[in-house]
Amino acid sequence: MQKRVAMSRIAKLLLLSLTIPLVMQPAFGEERIQEATKRLQIAYDVDVVIAGGSVPAVAAAVSIAEKGHSVFLLTDRPYLGEDVCMHLAYLMPEETEDPLLKELWGRETKTTPMQVKRGLDQALLDSEVEFLTGCYPAEVLLGKNGRVSGITIVNRSGRQIVKSKVVVDATEHAALARHAGVPLTQFEPGERSFTFMSVGGKKHVPNTEKAGFQFVRRKGKKHKSETPLEVYKTGLNYPVKMGDWSEIAKIEQSVRNAVFREGVAETSESLEYHLGTHLKSDALVTTWAGLDKLVPENFSHRSHPGIFVLGRYAAWDETFYAGLSLEAKTAVGRQVGEWAAARASKLKGSTTFRAQTLTANASLSVSEKLNQLRTRPDPVSAEVEGVSLPVLGTYEVVVVGGGTAGAPAALAAAEQGAKTLVVEYLDELGGVGTAGLITKYWFGRQHGFTERVDEAVRNVFDPKIWSGDWEVYEKSDWLRRSIVEAGGDVWYRSFGCGALMDGNVVKGIVVATPFGRGVVKARVVIDGTGNSVIPAHA
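Residues numbered from 1 in each chain as written. Predicted model: local features only at pLDDT ≥ 70, side-chain atom pairs only at ≥ 80, totals over all residues. Heavy atoms only, no water.

Participant: Would you mind going over the side chain of Glu-247 in detail, with residue names and values included?
Facilitator: Looking at where Glu-247 falls in the secondary structure, it is placed in helix α6 (residues 245-259). Despite its burial, Glu-247 pairs with no opposite charge; the closest candidate is Lys-241, at 6.6 Å N-O. (Helix = DSSP H or I, 4+ residues; strand = E, 2+ residues; numbered from the N terminus. Buried < 20%, exposed > 50% of the residue type's maximum accessible area, 1.4 Å probe, protein only. Lys, Arg positive; Asp, Glu negative; His and termini not counted. Salt bridge = Lys/Arg side-chain N within 4 Å of Asp/Glu carboxyl O.)

Listed below in structure tokens is the structure:
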């Protein structure tokens, strides 16, 4: 029986409280923490804000700009094109005539990550659309009349307001629409299908097929010649009970465990899946009959006219959407952009920001830094009412940042028997030694834990050619697997953005996830960000 780590009171840590108007749905947790009213910088003031950096989202932004309306786009990923790059969806089966897709694919059937990212960046720059990457949408803001007045955003500078008349929610799982209370069909517990991509490897699990293209591993010290690596697509079914982020994160680790095998060089960043819900509408789309058959009600509910849902949770049939081509989705993005622009021209902007909130615990407080964006020095600000944040989990140890120091800290805590969570913005652990592509030591004492890691990653090489370098994916996934095997949880694509406080004692963190913001309670918080993010918030 492993000895449990003695958890002592930790020093004062993070955040000033967040303030946002929105309706959070109970599926995201029953216990909630109430934020206080805050004054935030108005970083952008536009007609339409788009949350999400997919190809259809960029098409919508360009369409809005062409109509003469101001638009701002943000994505939580460090690049645009997450629907393509995050899922390794680089194959275009048929030649396209879509002007945006031609920039991304040219006349080829396969594109590259850099070509996608560069093409989408350029499309927004050419249309004079302002955008930010690495920026999470937080919640929808409402004016006195209950209509949309904007959203709040969370990033490394803190939290700010984007004032707008219309919101286009192009996030992967309609996070803003869900939190604003846009009517969606009821989530039904049951078995769901999860798809994951991998590059290279042997001895594939069942339900794995070739994706139809290859990557080429370049010649180097560890590889004596260029090697073509097949891309594989694996589909696995898992029961889903709640459909919340903590459950999906556990399923992701199970899928990664199943897909891991000798020789894998890379995987997709995220699972691809559908929770089986969609926008409530009398006009459910079940077949593709062309753009002229679509209506705004397929993407916007009459109770929330200032919000459009662009993506898999619009009023589509789930099976139909899964078979829809990227060319059709991009055309839909342009059409939604036109409707959003037209609606913005009819709506008046609001100067007030209020919150609709659920009953919450007021004994704990949220602390965060509220710095303005350095690229937006305008001091204009507004007061925003607080919102209640759902409690996403309770742990003994939470590590924020799973890099060079954070991942080993999480592993040590988990192996000592502590209920442990590591929160990591990227899709891999290890920091500069993996994601940073620094695969060899320079100085330092290579014994103890370091020696243990080296022994693990050394096993994938022929001892005759081992030179001290390691494979990026092998090291990253060894850290992940070791933490999970020790009983720890790993949340990828999540961002620590505040501290939960009881007076001057840290009781947890605020975290932005692909499903929205929430609170994680903890007895001990370890800041592994490299920038003392959590202490700064506290």
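Participant: Can you tell me about the packing of aromatic side chains, naming the residues and giving the values?
Facilitator: Summed over the entire model, instances satisfying the criterion amount to 15 aromatic pairs. Relative to Trp-339, the ring of Phe-299 lies with its centre 5.9 Å away and its plane at 40 degrees, an arrangement referred to as tilted. With Phe-299 in the loop between β13 (264-267) and β14 (307-309) and Trp-339 in helix α8 (residues 326-346), this residue pair connects regions lying 40 residues apart in the sequence. Judged by its relative accessible area of 17%, Trp-339 falls in the buried class. Following the ring pairs from residue to residue traces out a cluster consisting of Phe-299, Trp-316, Phe-320, Tyr-321 and Trp-339. Over the ring of Tyr-321 we find Lys-329; its NZ or CZ atom is 4.4 Å from the centre of that ring. (Phe/Tyr/Trp six-rings, centres within 6.5 Å; stacked < 30°, edge-to-face > 60°. Lys NZ or Arg CZ within 6 Å of the ring centre and 35° of its normal.)

Participant: So what's going on with empty space enclosed by the protein? Residues and values would help.
Facilitator: Enumeration according to the criterion identifies one cavity of 30 Å³ or more in this entry. In this model, the largest cavity occupies a volume close to 190 Å³. Around the largest cavity, the lining is made up of 16 residues, and of these Asp-76, Glu-82, Thr-171, Glu-172 and Pro-514 lie nearest the centre. In the lining of the largest cavity, the residues fall into five nonpolar, six polar and five charged. (1 Å grid on protein atoms, 1.4 Å probe; cavity = no way out; pocket = protein on both sides within 12 Å on 5 of 7 lines; lining within 4 Å. Points joined across faces, edges and corners; volume = space filled by probe spheres on them. Nonpolar A, V, L, I, M, F, W, Y, C, P; charged D, E, K, R; others polar.)

Participant: Any details on the sheet that holds strand β5 (residues 130-132)? Residues and values, ideally.
Facilitator: Across the sheet, which stays open at both edges, the five strands sit in the order β5-β4-β3-β9-β14 with parallel pairing between neighbours. The two strands at the open ends of the sheet, each matched to only one other strand, are β5 and β14. The sheet shows a mean angle of 15 degrees between the axes of neighbouring strands, taken without regard to direction. Judged from the four bridges that link them, strand β3 (residues 48-51) and strand β9 (residues 166-169) form a sheet pairing that is parallel. Of the residues in β9, the one forming a bridge with Ala-51 is Asp-169. Contacts between helix α1 (residues 55-66) and the sheet are confined to β3 and β4 (71-74), with β4 contributing the most and set at about 165 degrees to the helix. Against the sheet, α8 engages β3, β9 and β14, with an angle of about 160 degrees to β9. (Pairing = 2+ DSSP bridges. Axes fitted to C-alpha atoms, helices over the stretch in contact; angles between N-to-C directions. Contact = heavy atoms within 4.5 Å.)

Remember that the coordinates give geometry; whether it matters functionally is a separate question.
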